[in-house]
Amino acid sequence: TYTAQLSNSSDPLDKDVQARCCEDALLQNLHYMAFNPDESVQLKNLQQEEQATSLRGLVTRVMKGDLDPSDLPDMLREALPELNPVESVYSSLSEEREQERAESSCLTVLHLLHSNHAEFVLQQPSRSALTATQWQELQDILSWASPSLDVIQTVLVVLAIRGLGKAKMLVQQLPREDQEVEAAVQYLVQNHKQIVPSVQELSSEQID
């Protein structure tokens, strides 16, 4: 990283330029950041805004078919603030891709519940998009499983926050025994609910 930045600079022989490139390279090095974390991403300083609407209420409306599918992304971000692409812990940790994956997973579940095949396959490549037959098979499985509201709500929360367990700048601040993905998420749920506020809507049975 240092060499690349230096070669792209206007005057690579200038000492001030070299010092700046060295500092930038260090800041991008996760090992350095583990021992010298930026204050904004220190565990004690990370804070996620609270829910604007109830996730449970959103799921209920989806299951009743009582909303416009095009409104789902915005409504989901209000119910799961961890998915906010601008003001979220994911963005603070420069983990936008994990945030996008989490949101996509949650929307997939909601479109399945809403029986909306068109929205479900909207972002899929046409050659590999789910066919109507495959879609019906998924709907049959969903009908057979008949998941409860509690189960669906819990699944959505887990999908929304699981990516934080992969955020190295965050995980490296946790106890060594809690640095695997699942263990990291459980640690955050138990000890840092200010980072995963959606958990607060879950009952103790759902968390367990």
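Just above, that's the structure.
Calculation notes
Residues numbered from 1 in each chain as written. Predicted model: local features only at pLDDT ≥ 70, side-chain atom pairs only at ≥ 80, totals over all residues. Heavy atoms only, no water. Axes fitted to C-alpha atoms, helices over the stretch in contact; angles between N-to-C directions. Helix = DSSP H or I, 4+ residues; strand = E, 2+ residues; numbered from the N terminus. Parallel < 35°, antiparallel > 145°, perpendicular 65-115°, else oblique. Contact = heavy atoms within 4.5 Å. Nonpolar A, V, L, I, M, F, W, Y, C, P; charged D, E, K, R; others polar. Expected span 1.5 Å × (residues − 1). Buried < 20%, exposed > 50% of the residue type's maximum accessible area, 1.4 Å probe, protein only. Salt bridge = Lys/Arg side-chain N within 4 Å of Asp/Glu carboxyl O. Core = buried A, V, L, I, M, F, W, Y, C linked by side-chain atoms within 4.5 Å. Polar contact = N/O pair within 3.5 Å; in protein donor to acceptor, adjacent residues only side chain to side chain.

## Remarks on the packing of helix α7 (residues 96-113) against helix α9 (residues 132-145)
Packing of α7 against α9 brings their axes to within 10 Å, and their N-to-C directions diverge by 85°. Between α7 and α9, the interaxial angle falls into the category roughly perpendicular. Here His111, Leu112 and Leu113 of α7 lie close against α9, whose contacting residues are Trp135, Leu138, Gln139 and Leu142. Here the contact of α7 with α9 is built from residues that sort into five nonpolar, two polar and no charged.

## What to know about α7
Here α7 spans 26 Å end to end across 18 residues, near enough to the 26 Å set by a 1.5 Å rise per residue. Every buried residue of α7 is listed here: Glu98, Gln99, Ala102, Glu103, Cys106, Leu107, Leu110, His111, Leu112 and Leu113. Just downstream of α7 lies Ser115, where phi reads positive at about 55°.

## A word on the pattern of salt bridges
Summed over all chains, the structure comprises six salt bridges. One salt bridge connects Arg77 with Glu103, and the closest N-O pair in it is separated by 2.5 Å. Here Glu103 lies in helix α7 and Arg77 lies in helix α5 (residues 72-79), a separation of 26 residues in the sequence. With a relative accessible area of 10%, Glu103 lands in the buried category. Glu98 is the salt-bridge partner of Arg101, the closest N and O atoms lying 2.9 Å from each other. In this pair, Arg101 and Glu98 both sit in helix α7, three residues apart, roughly one turn of the helix. For Glu98, a relative accessible area of 12% corresponds to the buried category. Salt bridges sharing common partners tie together Asp74, Arg77 and Glu103.

## Thoughts on the environment of Lys44
With respect to the helices, strands and loops of the structure, Lys44 is situated in the loop between α3 (30-35) and α4 (55-64). Put simply, Lys44 and Ile195 are 151 residues apart on the chain and 9.7 Å apart in space, counted from C-alpha to C-alpha.

## Some details on the nonpolar core
The biggest cluster of nonpolar side chains holds 40 residues, and the ones touching the most others in it are Leu58, Leu80 and Leu164. If you list the elements that add at least two residues to this core, you get α4, α5, α6 (89-92), α7, α10 (149-161), α11 (168-171) and α12 (181-191). When residues no more than four places from it in sequence are discounted, the contact partners of Leu164 are Val89, Tyr90, Leu93, Leu170, Val171, Leu188, Ile195 and Val196. Core analysis: the next-biggest nonpolar cluster, separate from the first, contains five residues, Leu112, Phe120, Leu130 and Trp135 among them.

## Concerning unusual backbone geometry
Unusually for a residue other than glycine, Ser94 sits at a positive phi of about 60°. Looking at where Ser94 falls in the secondary structure, it is placed in the loop between α6 and α7. What makes Ser94 exposed here is its relative accessible area of 52%. At Ser146, a residue that is not glycine, the phi angle is positive and equals roughly 45°. By secondary structure assignment, the location of Ser146 is in the loop between α9 and α10. The exposure class of Ser146 is exposed, given its relative accessible area of 54%.

## Overview of the side chain of Asn116
Tracing the chain through its elements places Asn116 in the loop between α7 and α8 (117-120). Only 3.4 Å separates the side chain of Asn116 from the backbone nitrogen of Ala118, close enough to count as a polar contact. Side-chain polar atoms of Asn116 contact the backbone nitrogen of Glu119, separated by 2.9 Å. The contacts of Asn116, once residues within four sequence positions are left out, are Pro69, His111 and Trp135.

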